[in-house]
Amino acid sequence: MTKFRKLNRPSGHRMSMLRTMVSQLVKHERIETTVAKAKEIRRLADNMVQLGKEGSLSAARRAASFVRGDDVIHKLFTELSHRYKGRAGGYTRLLRTRIRVGDAAPMAYIEFIDRENELRQSKPPTSQPPPRPALDPWTRSRLSRQFAPPKEEKASESEI
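Residues numbered from 1 in each chain as written. Predicted model: local features only at pLDDT ≥ 70, side-chain atom pairs only at ≥ 80, totals over all residues. Heavy atoms only, no water.

- Going by the annotation in an unreviewed UniProt entry, the name recorded for the protein chain is 50S ribosomal protein L17, with Hibiscus trionum given as the source organism.
- UniProt's Sequence similarities (unreviewed entry) comment on the protein chain is quoted here verbatim: "Belongs to the bacterial ribosomal protein bL17 family." (UniProt positions renumbered as here; feature names shortened; annotations may be inferred.)

Here it is, written out as structure tokens:
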């Protein structure tokens, strides 16, 4: 069973709100909301970008059943899918901004990364170190003997 935040709303209201917010995020590429809502939006927006990268008719229908507006679907399947074609995940960034005056709720910006006018530049991708070849147990023990300090023998009391 998938865990999600209930956000103090009935399920119909919650899904309607999340669909609208994901659509607005795709359209404007940055929105300000509470931290809890932004964490939920991040999950759903990343799934929508995955569908856009898939590019099939089935994916387009699944995305159209969630987001609102033909312009949003067009942007998902053209601009965003092209922008993130080399990225495996993590298409959004959450930046905490302030505490809201009325109810002291923590606010945050959620935005797509690798876009113009970013609030913070994305980190360059780190390259993976080359994999080391597996060692058989005999080679490993010889190597450990080579680099390990020599064993010290205890002096017995009979020798003293």
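**Observations concerning the nonpolar core**
Here's step 1: Of all hydrophobic cores here, the largest spans 31 residues; its most connected members are Ile41, Met48, Val67, Leu76 and Phe112.
Here's step 2: Of all elements in the fold, only helix H1 (11–28), helix H2 (35–54), helix H3 (57–64), helix H4 (70–83) and strand S3 (106–112) reach the threshold of two or more residues within this core. (Core = buried A, V, L, I, M, F, W, Y, C linked by side-chain atoms within 4.5 Å. Buried < 20%, exposed > 50% of the residue type's maximum accessible area, 1.4 Å probe, protein only. Helix = DSSP H or I, 4+ residues; strand = E, 2+ residues; numbered from the N terminus.)

**What to know about the pairing of strand S2 (residues 92–99)**
Here's step 1: Relative to S3, S2 runs antiparallel, the two being bridged by 6 bridges. Pairing of Ile99 across the sheet is with Pro106, part of S3. (Pairing = 2+ DSSP bridges.)

**So, the packing of H2 against H3**
Here's step 1: Across the interface, H2 lies against H3 with an axial gap of 8 Å and an inter-helix angle of 150°. In terms of axis orientation, H2 runs roughly antiparallel to H3. Viewed along their axes, H2 and H3 form a crossing whose handedness is left-handed. When H2 is examined against H3, the residues Met48, Leu51 and Glu54 are found in contact with a partner set consisting of Ala59, Arg62 and Ala63.
Here's step 2: The residue inventory of the contact of H2 with H3, partitioned by class, reads 4 nonpolar, no polar and 2 charged. (Axes fitted to C-alpha atoms, helices over the stretch in contact; angles between N-to-C directions. Parallel < 35°, antiparallel > 145°, perpendicular 65-115°, else oblique. Left-handed = near helix turned anticlockwise from the far one by under 90°. Contact = heavy atoms within 4.5 Å. Nonpolar A, V, L, I, M, F, W, Y, C, P; charged D, E, K, R; others polar.)

**Examining the sheet that holds S3**
Here's step 1: Spatially, the 3 strands line up as an open sheet ordered S1-S3-S2, and their pairing is antiparallel. If you trace the sheet from one side to the other, it starts and ends with strand S1 (30–34) and S2, each paired once. In this sheet, adjacent strand axes meet at a mean angle of 25° when their direction is disregarded.
Here's step 2: Where S1 meets S3, 5 bridges bridge the pair, whose relative direction is antiparallel. Residue pairing across strands places Ile31 opposite Ile110, the latter belonging to S3.
Here's step 3: Across the sheet, H1 is in contact with S1, S2 and S3; its angle to S1 comes to roughly 145°.

**Describing the packing of H1 against H2**
Here's step 1: Viewed as axis vectors pointing N to C, H1 and H2 meet at an angle of 65°, and their least axial separation amounts to 9 Å. Taken as axis vectors, H1 and H2 run roughly perpendicular relative to one another. Of the two possible hands of crossing, H1 and H2 adopt the one that is right-handed. In this structure, H1 uses Met17, Leu18, Met21, Val22 and Leu25 to contact H2, whose residues at the interface are Lys37, Glu40, Ile41, Leu44, Ala45 and Met48.

**What about H4?**
Here's step 1: If you check H4, its first and last C-alpha atoms are 19 Å apart, about what 14 residues at 1.5 Å a residue would give, namely 20 Å.
Here's step 2: At Leu76, H4 shows its maximal bend, which comes to roughly 35°.
Here's step 3: What H4 keeps buried is the set Val72, Ile73, Lys75, Leu76, Phe77, Leu80 and Ser81.
Here's step 4: Packing partners of the buried residues in H4 comprise H1, H2, H3 and S3. (Expected span 1.5 Å × (residues − 1). Bend = angle between axes of the 7 residues up to and from the residue.)

**Side note on the packing of aromatic side chains**
Here's step 1: Applying the stated criterion across every chain, the model contains 2 aromatic pairs.
Here's step 2: Ring centres of Tyr84 and Tyr91 lie 5.1 Å apart, and the angle between their planes is 50°; on these two criteria the pair is classed as tilted. In this pair, the class of Tyr84 matches that of Tyr91, namely buried.
Here's step 3: Taken together, the ring pairs connect Tyr84, Tyr91 and Phe112 into an aromatic cluster.
Here's step 4: Positioned above the aromatic ring of Tyr109, the side-chain terminus of Arg30 is 5.9 Å from the ring centre. (Phe/Tyr/Trp six-rings, centres within 6.5 Å; stacked < 30°, edge-to-face > 60°. Lys NZ or Arg CZ within 6 Å of the ring centre and 35° of its normal.)

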